[in-house]
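Okay, here's what each chain looks like letter by letter:
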Amino acid sequence: MNEATTKQYENENDGSDRDRSDYDVVVIGGGAAGLSAALVLGRARRRVAVVDAAEPRNAPAAHMHGYLSRDGLPPATLLELGRTELSGYGVRLRTARVDDVRAAAPGFAVRLAGGPQLTTRHVVVATGLRDELPDLPGVRERWGKDVLHCPYCHGWEVRDRPLGVIASQPGSVHQALLVRQWSDDVVLFANGLDLSAEDRERLAARGVRIVAGAVERIAVADGRLRGVELVDGRALPRAAVFVAPRFVPHDALLTSLGAAAEAGWVTTDPAGRTSVPGVWATGNVVDPRAQVITAAGAGASLAFALNAELVEEDVRAAVAGARAEAP
């Protein structure tokens with residue numbers, strides 16, 4: 001973040017709106033989904049606040065990919081650009097954690113950690129998820145660099161190099177078959193995964209080698225991944241390794257409000273409405289497969305529907321007021 005933008009962002013978080021409690025929407029989470037929703041709502045002249053803990057999931061990655069016109073941009077730069085755009089539409093930005101969201105007629109009260117309580121008509125939760133990584137030495141150290149998850153995000157950068165996939169769940173077979181598209185030298189480290197005869201046939205047909213035995217660690221030297229070491233002492237040089245983390249949504253605020261969930265994920269309608277009226281959710285907190293560009297689009301789509309709902313609320317209030325004033 002450059003000096004001018006940093007100063008601007010600090011000014012927007014100096015507490016000058018500490019007593020303000022009349023927001024149309026409070027967006028919790030300032031990643032691609034949350035900022036995109038806030039941008040559309042700000043341009044619709046809504047009173048919007050974005051509260052963000054400043055802990056983006058993709059912080060370890062040097063660049064993001066697959067985002068039209070922004071391919072290769074550092075993730076932090078995208079967020080900086082987004083925050084700068086929002087400030088031009090009067091959207092308030094706060095760096096803080098949200099401790100609690102509760103119903104407070106006619107909307108909600110959003111309590112910030114060590115800060116004020118904001119009241120709002122609607123709440124958008126865009127708090128994302130965390131990657132629960134395999135417990136192997138070297139994985140966390142190199143995560144987002146040469147220990148990777150998504151080949152659509154990083155496959156091009158490691159194309160035609162010796163690649164590995166460390167199995168951690170049944171879906172690792174699909175991951176290995178997918179990674180094969182970027183290199184003809186792909187090894188699946190079975191790591192205790194019970195491969196079916198069909199799995200083995202499919203992998204062999206695509207030229208993916210299978211290495212049996214438990215993985216001991218990711219070998220790292222001179223600040224880069226060197227290969228994969230197995231418990232039995234074998235070591236296989238690799239330029240990059242793919243693993244499948246377990247996705248854990250940051251959905252405590254949603255579940256505490258009673259939002260319905262299915263298979264461990266809060267459910268929404270296509271527009272982003274949860275089962276709790278006035279509470280919306282978008283991005284990775286409800287969609288583990290959403291990439292940055294997908295999350296941004298989902299946030300924008302949600303904002304269109306949310307603003308339409310606000311319009312209907314405004315019309316009902318105006319009609320009721322007019323009737324009350326009528327002779």
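Sequence positions are assigned chain by chain, starting from 1 and proceeding in written order. The predicted nature of this model means local features are confined to residues of pLDDT at least 70 and side-chain atom pairs, given and counted, to a pLDDT of 80 or more, with totals for whole chains, interfaces and linings taken over all residues. To obtain the side-chain values, all non-hydrogen atoms of the structure were included, while hydrogens and water were left out.

### Observations regarding the overall build of the protein chain
1) Next: Along the protein chain, the regular secondary structure elements total nine helices and 19 strands.
2) Next: By definition in these notes, contact holds between two residues if any of their heavy atoms fall within 4.5 Å. Long-range pairs, those at least 24 residues apart, make up 58% of the contacts in the protein chain between residues at least 6 apart in sequence.
3) Next: When the accessible surface of the protein chain is totalled, it reaches about 16,300 Å², and 51% of it is carbon and sulfur.
4) Next: The convention is simple: Lys and Arg are positive, Asp and Glu are negative, and His and the chain ends are not counted. Working definition for charges: the position is that of NZ of Lys, CZ of Arg, CG of Asp or CD of Glu. Side chains of the protein chain carry 37 positive and 41 negative charges; the gap between the two charge centres is 2 Å. Under the DSSP-based scheme used, a helix requires at least four consecutive residues in state H or I and a strand at least two consecutive residues in state E, with every element numbered from the N terminus. Here the open area of atoms and residues is found with the Shrake-Rupley method and a 1.4 Å probe, where only the protein chains shown may cover a residue.

### Quick word on the sheet that holds strand E12 (residues 215–221)
1) Next: The strand order E12-E13-E14 describes an open sheet built from three strands, whose pairing is antiparallel. This sheet does not close on itself; its edge strands, each paired only once, are E12 and strand E14 (235–237). Taken pair by pair, the neighbouring strands of this sheet meet at an average axis angle of 30°, ignoring direction.
2) Next: Note that E12 and strand E13 (residues 224–230) share six bridges and pair antiparallel. In the sheet register, Val215 faces E13, and the bridge partner there is Leu230. When DSSP finds two or more bridges between two strands, those strands count as paired. To get an axis, a line is fitted to the C-alpha atoms, and for a helix only the part in contact is used. The angle between two axes follows their N-to-C directions and goes from 0 to 180 degrees.

### Quick notes on the pattern of salt bridges
1) Next: Within this document, salt bridges are pairs made up of a side-chain nitrogen of Lys or Arg and a carboxyl oxygen of Asp or Glu, the two lying within 4 Å of each other. Tallied over the full model, the rule gives 19 salt bridges.
2) Next: Arg121 is the salt-bridge partner of Asp24, the closest N and O atoms lying 2.9 Å from each other. Of this pair, Asp24 sits in strand E1 (residues 23–28) while Arg121 sits in strand E6 (residues 117–125); the two residues are 97 residues apart in sequence, bridging distant segments of the chain.
3) Next: Across the pair Asp314 and Arg46 runs a salt bridge whose closest N-O atoms are separated by 2.9 Å. Note that Asp314 is positioned in helix H9 (residues 292–325) and Arg46 in the loop between helix H2 (32–43) and strand E2 (48–52), a separation of 268 residues in sequence.

### A few points about the packing of aromatic side chains
1) Next: Working definition: rings of Phe, Tyr and Trp (its six-membered ring) pair if their centres are within 6.5 Å, and the pair is stacked with planes under 30 degrees apart, edge-to-face with planes over 60 apart, and tilted otherwise. In this structure the tally under the stated criterion is one aromatic pair.
2) Next: Note on Tyr152 and Trp182: the rings are 5.7 Å apart at their centroids and 90° apart in plane angle, and the pair reads as edge-to-face. Residue Tyr152 is found in helix H5 (residues 151–154), and its partner Trp182 is found in the loop between helix H6 (172–179) and strand E10 (186–189); the two are separated by 30 residues along the sequence.
3) Next: Residue Tyr152 is classed as exposed on the basis of its relative accessible area of 55%.
4) Next: Three labels apply to residues, based on accessible area from a 1.4 Å probe with only protein chains included: buried if under 20% of the type maximum, exposed if over 50%, partly exposed otherwise in between. Given the relative accessible area of 15%, Trp182 is considered buried.
5) Next: When the ring centre of Trp156 is taken as origin, the NZ or CZ atom of Arg159, which lies over that ring, is 4.0 Å away. For a ring to carry a charge above it, either NZ of a lysine or CZ of an arginine must fall within 6 Å of the ring centroid while also lying within 35 degrees of the normal to the ring plane.

### A word on the state of the cysteines
1) Next: A pair of cysteine sulfur atoms is labelled a disulfide when the two atoms are within 2.5 Å. The full count for this structure, using the stated rule, is zero disulfides.
2) Next: Not part of a disulfide, Cys153 finds its nearest cysteine sulfur in Cys150, a span of 3.1 Å.

### Remarks on the sheet that holds strand E8 (residues 147–148)
1) Next: Pairing in this open sheet of five strands is parallel, and the strands run E8-E15-E9-E10-E11 from one edge to the other. Pairing within the sheet leaves two strands with one partner each, and these edge strands are E8 and strand E11 (209–211).
2) Next: With four bridges connecting them, strand E9 (residues 163–166) and strand E15 (residues 240–243) associate as parallel partners. Residue Leu163 lies in a different strand from E15, and its bridge partner there is Ala240.

### Description of the nonpolar core
Soluble, globular proteins show a tendency: their nonpolar side chains are buried together.
1) Next: Counting 24 residues, the largest nonpolar core has Val26, Ile28, Val98, Val101, Val110, Leu118 and Leu254 as its most contacted members.
2) Next: Those elements giving two or more residues to this core turn out to be E1, E2, strand E4 (98–104), strand E5 (107–112), E6, helix H8 (252–256) and strand E19 (279–281).
3) Next: Counting 22 residues, the second-largest nonpolar core is a separate cluster that includes Ala37, Ala38, Val48 and Leu310. Only buried Ala, Val, Leu, Ile, Met, Phe, Trp, Tyr and Cys residues count toward a nonpolar core, and they belong to the same one when joined by side-chain atoms within 4.5 Å.

### Brief notes about the confidence of the model for the protein chain
1) Next: Confidence of the predictor at the level of single residues is captured by pLDDT, which takes values from 0 to 100. On average, residues of the protein chain score 93 in pLDDT, and 94% of them reach the 70 mark or higher.
2) Next: Note that residues 1–20 has pLDDT below 50 and, in this model, 28 contacts with residues that lie over four places away or in other chains.

### A word on the packing of H6 against helix H7 (residues 197–205)
1) Next: Running from amino to carboxyl end, H6 crosses H7 at an angle of 10°, the nearest separation of the two axes being 10 Å. It follows that H6 is roughly parallel to H7 by the angle criterion. Residues Val173, Ala176 and Leu177 of H6 lie in contact with H7, whose contacting residues are Asp199, Arg202 and Leu203.
2) Next: For the contact of H6 with H7, the residue count by class is four nonpolar, no polar and two charged. Between 65 and 115 degrees an angle is taken as roughly perpendicular, under 35 as roughly parallel, over 145 as roughly antiparallel, and anywhere else as oblique. For this classification, the nonpolar set comprises Ala, Val, Leu, Ile, Met, Phe, Trp, Tyr, Cys and Pro, the charged set comprises Asp, Glu, Lys and Arg, and every other residue, Gly included, is treated as polar.

### Some details on unusual backbone geometry
1) Next: A cis geometry characterises the amide bond from Ala105 onward to Pro106, with omega recorded as 10°.
2) Next: One can find Pro106 in the loop between E4 and E5.
3) Next: For Ser69, which is not a glycine, the phi torsion comes out positive at approximately 75°.
4) Next: Tracing the chain through its elements places Ser69 in the loop between E2 and helix H3 (75–87).

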